[in-house]
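These are the residues of each chain, in order.
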Amino acid sequence: MQSVNIATIDFNAWRHNLSCVRAAAPGCYVAAVMKADAYGHGLLRAARALDNADIFAVARCDEALTLREAGVAKPILLLEGFLRPEELKLCVQYELQAVLHHESQLRMLEITRLNKPVYLWLKIDSGMHRLGFAPNRVSIVLERLAACRNAAVGLRFISHLANSDDPGDPYNCYQIDTFNNATQGRVAERSMANSGGILGWPETHFDWVRPGIMLYGCSPFKGGIGADQYLRPVMTLESRLIAIQYYSIGEPVGYGSTWRCPRDSRIGVVAIGYGDGYPRNAPSGTPVLINGQRAPLVGRVSMDMITVDLSDLPSINLGDSVTLWGRGLPAEEIASKVGTITYELFCRVTSRVVGVEVNNND
């Protein structure tokens, strides 16, 4: 029996969003970021839809092995690099490229016996202060890599923007200058731009861009939605109305009786809850979309159900499809209502939700 809860994954939207990346950063190579099961959209699905990217970027070795074991031959970059000697050897076995960001990795690279060298992306901490070598250590690291037989010829430089969701933040300029100064005069390809950099900071495009959230149809900017940048949502999360109830003014709805009917009300029950990944902290008033019409959530989100006020929507009927986010209802809006980001909404969708692949042409 098919689940009542479906995440429709639009392959044409994925391809369209990748074309938007190339239009925004012409002449650049594209590293499609597909970590965390492709932001909850399905890693192997993403590999098929985004096959025209130049390299796939994942966080960890297990994600890369999932791709290789499924027959994906495209170059793969490990954004967190290798954590143990065993993973370094897997980089050789499965032809994985790795970000080098820490002294412990460098030592491991120098002392581990490998059959052939590994292609590396040297991470420079331009101001994110999470991973990467300090700019004043780059020369020393490069000297050690030049003497290391396990480091392949063709090193690339990589860094990451901390505040690219705010195009007006001057810290972006500071990071760009820091990265430029650290790599000045060095002959190597460079990568800095995430989705915010691609769309807001052309100076960060360099040789490689690394789109993440924009590939999935969402804006990387605070207060923005994907449509602002001509992006299309890849995931549409849907459920169904399983009951319609009638309650009098003043009657409570849901756990804790936190919401009471302000009038005689027609209340719909939708078969989705936090057990499916819908955010438990979604407040009353958070919209859902039913037959193109918005209805507000009322009361607390339950494990398996939410309740919505249908009092002003007499045409809505039992069994109608309900969109929680996606086509017609931006995920950015829902994320804003619950005080989170779209990345988290997508990644928290659980296995109770069935993924259905489509190719929409609009």
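Look above for the structure.
All residue numbers here refer to positions counted from 1 along the written sequence of the relevant chain. Only residues with pLDDT of at least 70 get local features here, since the model is predicted, and only at 80 or more are side-chain atom pairs given and counted; chain-wide, interface and lining totals rely on the full set of residues. Only heavy atoms go into the side-chain values, all of them from the structure, while hydrogens and water stay out.

A. Region of interest: the pairing of strand β6 (residues 120-123). Of the two faces of β6, the one lined by L120 and L122 and the one lined by W121 and K123 are each fully buried. Note that strand β5 (residues 96-100) and β6 share 3 bridges and pair parallel. When the sheet's bridge partners are listed, A98 is paired in β6 with L120. Viewed with both strands pointing away, a crossover whose connecting path from the first strand over the helix to the second turns clockwise is right-handed. Secondary structure is summarised from DSSP: a helix means a run of H or I of at least four residues, a strand means a run of E of at least two, and numbering begins at the N terminus for each. This β-α-β element, β5 to helix α6 (residues 103-111) to β6, shows right-handed connectivity. Handedness of the crossover joining β6 and strand β7 (residues 156-158) through helix α7 (residues 138-146): right-handed. Partly exposed describes any residue whose relative accessible area lies between the buried limit of under 20% and the exposed limit of over 50%, with all areas from a 1.4 Å probe on protein chains only and scaled to the type maximum. In this scheme, strands are said to pair when DSSP sees at least two bridges between them.

B. Main features of the pattern of salt bridges. Criterion for a salt bridge: a side-chain nitrogen of Lys or Arg within 4 Å of a carboxyl oxygen of Asp or Glu. In the structure shown here, the tally under the stated rule is 16 salt bridges. Put simply, E103 and R144 hold a salt bridge, and the shortest N to O gap is 3.1 Å. Of the two residues, E103 is situated in helix α6 and R144 in helix α7; the sequence distance between them amounts to 41 residues. R352 is the partner of D304 in a salt bridge, and the nearest nitrogen-oxygen pair spans 2.8 Å. Of this pair, D304 sits in the loop between β15 (293-298) and β16 (306-309) while R352 sits in the loop between α11 (342-347) and β18 (354-358); the two residues are 48 residues apart in sequence, bridging distant segments of the chain. Judged by its relative accessible area of 33%, D304 falls in the partly exposed class. When its relative accessible area of 40% is taken as the criterion, R352 is described as partly exposed. Each of the salt bridges in this network shares a partner with another, and the network as a whole consists of E103, R107, E110, R137 and R144.

C. Main features of unusual backbone geometry. With phi around 55°, D37 is a residue other than glycine that occupies positive phi space. Classification of D37 as partly exposed rests on a relative accessible area of 42%. Of note, the phi angle at E95 is positive, near 55°, even though the residue is not glycine. Judged by relative accessible area, which is 54%, E95 ranks as exposed.

D. View of the layout of surface pockets. Cavity and pocket criteria rest on a 1 Å grid covering protein atoms alone: a 1.4 Å probe that fits but cannot get out defines a cavity, protein on both sides within 12 Å along at least 5 of 7 lines defines an open pocket, and an atom within 4 Å of a point defines a lining residue. Grid points are joined across faces, edges and corners, and a volume is the space filled by probe spheres set on the points. Estimated volume of the largest pocket: approximately 1000 Å³. Taken together, 41 residues line the largest pocket, and the ones lying closest to its centre are Y39, N194, I213, I341 and Y343. Going through the elements one at a time, α2 (35-40), α9 (195-200), α10 (331-338) and α11 are the ones with two or more residues in the lining of the largest pocket. Here the lining of the largest pocket gets 4 residues from one element, more than from any other, and that element is α10. Note on residue classes: Ala, Val, Leu, Ile, Met, Phe, Trp, Tyr, Cys and Pro are nonpolar, Asp, Glu, Lys and Arg are charged, and everything else, Gly too, is polar. Taken together, the residues of the lining of the largest pocket sort by class into 20 nonpolar, 12 polar and 9 charged. A volume near 210 Å³ is recorded for the second largest pocket. Forming the boundary of the second largest pocket are 19 residues, of which L231, R232, P233, G326 and P330 lie nearest the centre. Tallied by class, residues from the lining of the second largest pocket come to 10 nonpolar, 4 polar and 5 charged.

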